[in-house]
Amino acid sequence: MVKSKAKEVLVMNKPVTSFTLIALICATTLAVTHSLTEKQIEDNRKNFALQQLAQVLPNANERIIKLRPNSTVYSSLLESKQTGNILPLSTSQGYNGYISGWLAIDLNRRVRGIRIVEHSETPGIGDVIETTKSRWIDQFLGQEPDSAIFELKLDQGSFDHVSGATITTRALTRAIGKTLTNAPQSLPASPVVVETADD
Amino acid sequence: MTSYQEIALDGIWRNNPALVQMLGLCPLLAVSSHLVTALGLGIITLLVLLSSNFLISLIRTHLHEQVRLPIQILIIASSVTLADLCLQAYFYELHQRIGLFVALIVTNCTILGRAELLASRSPVKYALLDGIMMGLGFLLVLVVLGSLREIIGQGTLFAHMDMILGDQAKTLTLHIHDFPVLLAALPPGAFLLFGCIIAFKNYLELRHERRKTLPVSQQITP
């Protein structure tokens, strides 16, 4: 009696068992692949970010170095004189989450260039933030922390939004403002550790 | 005709996933602006279709009615994630271009359709062949549409092939003309050209049909 009941339960649960087993196999395969490719993907991402870093400056002759080895901030130099800094820019408020990029500023914290490295905004709509797709981001060039309100005009700020991409452009406008206000003002007079960007 | 030939003909021509079933058009139209992106997504779709067909056919006796669809989706989604991870690791630049549409392969009805209609009720050898043929049929349409749109819309062919073939392919780019037609590069152009391809396929089929029936009608008329 007990035995047949146990068998019945087993038969009833057969779909559950097979589903669980297959889910486990799939999960294991993916976990193994993830751990195998993780480092390579991280490297690719870093290389791509550094490649973009070189393009954020308006002057191609400038060198990009790290003044402090452990900092996330890069500095730009022209003939060993510092022309400014390049700060990592990021926000998680994009329409599809995370957006990251580089923000180049001069010694007075004036914007020299912006480049988006990573985003998953809707192609054809939210990708206006890419320099190759639209000049939207150029309205930030030359701005300082106090020269403008870093909000969209429809939020009583100083910057235009893009119809259909309000969330994306709002997120980026705020991120640029925040990065700019938090940017270091005083800078070391001479490079302490010189580490080139393509290391 | 053997059933092998039937399956092959079905996938490539008679029941082509893109031209006849009209499935998976979102990625098809979105990535076909360049040959390289079209080829990339086509190959990934082919591989995913092949692996999902194979695996589902392999476990078809364990597919209980209540969990059949979840298991199929699980297998398809895992294959796609696997392909996406490999793409990120070894073809990062290509991933930057088509990454979003790779994830969307999960929702490509071609793949679930083949799993449901054929793989879950046929032996492995048929499922494998069907996966290859359906995948090739999709790839073929992608490549034709991608080439046409690149030639008309950009005036080039084989541009950025280094994203798939490595650095030595950088010189492959052919400059065909200097009058790029913007329409072909934009989504409406994709729809128009895709429509033209379908029309051309239908024309070929109709002509073939007429040739077959012509002798019969000639016999009747006199």
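Residues numbered from 1 in each chain as written. Chains lettered and ligands numbered in written order. Predicted model: local features only at pLDDT ≥ 70, side-chain atom pairs only at ≥ 80, totals over all residues.

## Concerning the overall build of chain A
Thought 1: Broken down by element type, chain A carries three helices and six strands.
Thought 2: Across the 199 residues of chain A, 27% fall into the buried class.
Thought 3: The long-range share in chain A, meaning contacts at least 24 apart out of those at least 6 apart in sequence, stands at 49%. (Helix = DSSP H or I, 4+ residues; strand = E, 2+ residues; numbered from the N terminus. Buried ≥ 20, exposed ≤ 12 C-beta atoms within 10 Å, placed from the backbone. Contact = placed C-beta atoms within 7 Å.)

## Points about the overall build of chain B
Thought 1: Helix and strand counts for chain B come out as ten helices and two strands.
Thought 2: Going from N to C terminus, chain B has its helices and strands arranged as α-α-α-α-α-α-α-β-α-β-α-α.
Thought 3: Counting only C-alpha atoms and orienting by the principal axes, one finds that chain B spans roughly 60 × 50 × 30 Å.
Thought 4: Considering chain B as a whole, with its 222 residues, one finds that 37% of them fall into the buried category.
Thought 5: At a minimum sequence separation of 6, the contacts of chain B that also span at least 24 residues come to 77%.

## Overview of helix H5 (residues 92-103) of chain B
Residues and elements named next belong to chain B.
Thought 1: Taken together, the buried positions of H5 are occupied by Leu 94, His 95, Ile 98, Phe 101 and Val 102. Down the axis of H5, the sector holding all buried residues measures 140°, keeping them to one side.
Thought 2: If you follow the buried residues of H5, they end up packed against helix H2 (25-31), helix H3 (35-58), helix H4 (68-90) and helix H8 (162-165). (Arc of directions from axis to C-beta.)

## Digging into the nonpolar core
Thought 1: Counting 49 residues, the largest nonpolar core has Ala 38, Leu 41, Val 48, Val 102, Val 141, Leu 142 and Leu 145 of chain B as its most contacted members.
Thought 2: Sorting elements by how many residues they give to this core places H3 of chain B first, with eleven residues.
Thought 3: Dropping the residues within four chain positions of it, Leu 145 of chain B is found in contact with Ser 32, Ala 38, Leu 193, Phe 194 and Ile 197 of chain B.
Thought 4: In this structure, Val 56, Ile 116, Val 128 and Leu 180 of chain A belong to the second largest nonpolar core, which totals 28 residues. (Core = buried A, V, L, I, M, F, W, Y, C linked by C-beta atoms within 7 Å.)

## Some remarks on the confidence of the model for chain B
Thought 1: On average, residues of chain B score 87 in pLDDT, and 95% of them reach the 70 mark or higher.
Thought 2: In the model of chain B, H8 of chain B stands out as the element of lowest mean pLDDT, 82, in contrast to H3 of chain B, which has the highest, 94. (pLDDT = per-residue confidence, 0-100.)

## Concerning the interface of chain A and chain B
Thought 1: Contact residues are listed per partner, giving 18 residues for chain A and 19 residues for chain B.
Thought 2: When grouped by side-chain class, the residues that make up the side of chain A that touches chain B number nine nonpolar, eight polar and one charged. (Nonpolar A, V, L, I, M, F, W, Y, C, P; charged D, E, K, R; others polar.)

## With respect to the packing of H3 of chain B against H5 of chain B
Residue and element names in this part refer to chain B.
Thought 1: Packing of H3 against H5 brings their axes to within 10 Å, and their N-to-C directions diverge by 50°. In this view, H3 runs oblique relative to H5, as classed from their interaxial angle. Considering how the two elements wind past one another, H3 and H5 form a crossing that is right-handed. On H5, the residues touching Thr 37, Gly 40, Leu 41 and Ile 44 of H3 are Leu 94, Arg 97, Ile 98, Phe 101 and Val 102.
Thought 2: Here the contact of H3 with H5 is composed, by residue class, of six nonpolar, two polar and one charged. (Axes fitted to C-alpha atoms, helices over the stretch in contact; angles between N-to-C directions. Parallel < 35°, antiparallel > 145°, perpendicular 65-115°, else oblique. Left-handed = near helix turned anticlockwise from the far one by under 90°.)

## Section: unusual backbone geometry
Residues and elements named next belong to chain A.
Thought 1: Its identity as a non-glycine residue notwithstanding, Arg 109 has a phi of 60°, on the positive side.
Thought 2: Mapped onto the fold, Arg 109 is located in the loop between strand E4 (97-106) and strand E5 (111-119).
Thought 3: Judged by the 19 C-beta atoms lying within 10 Å of it, Arg 109 falls in the partly exposed class.

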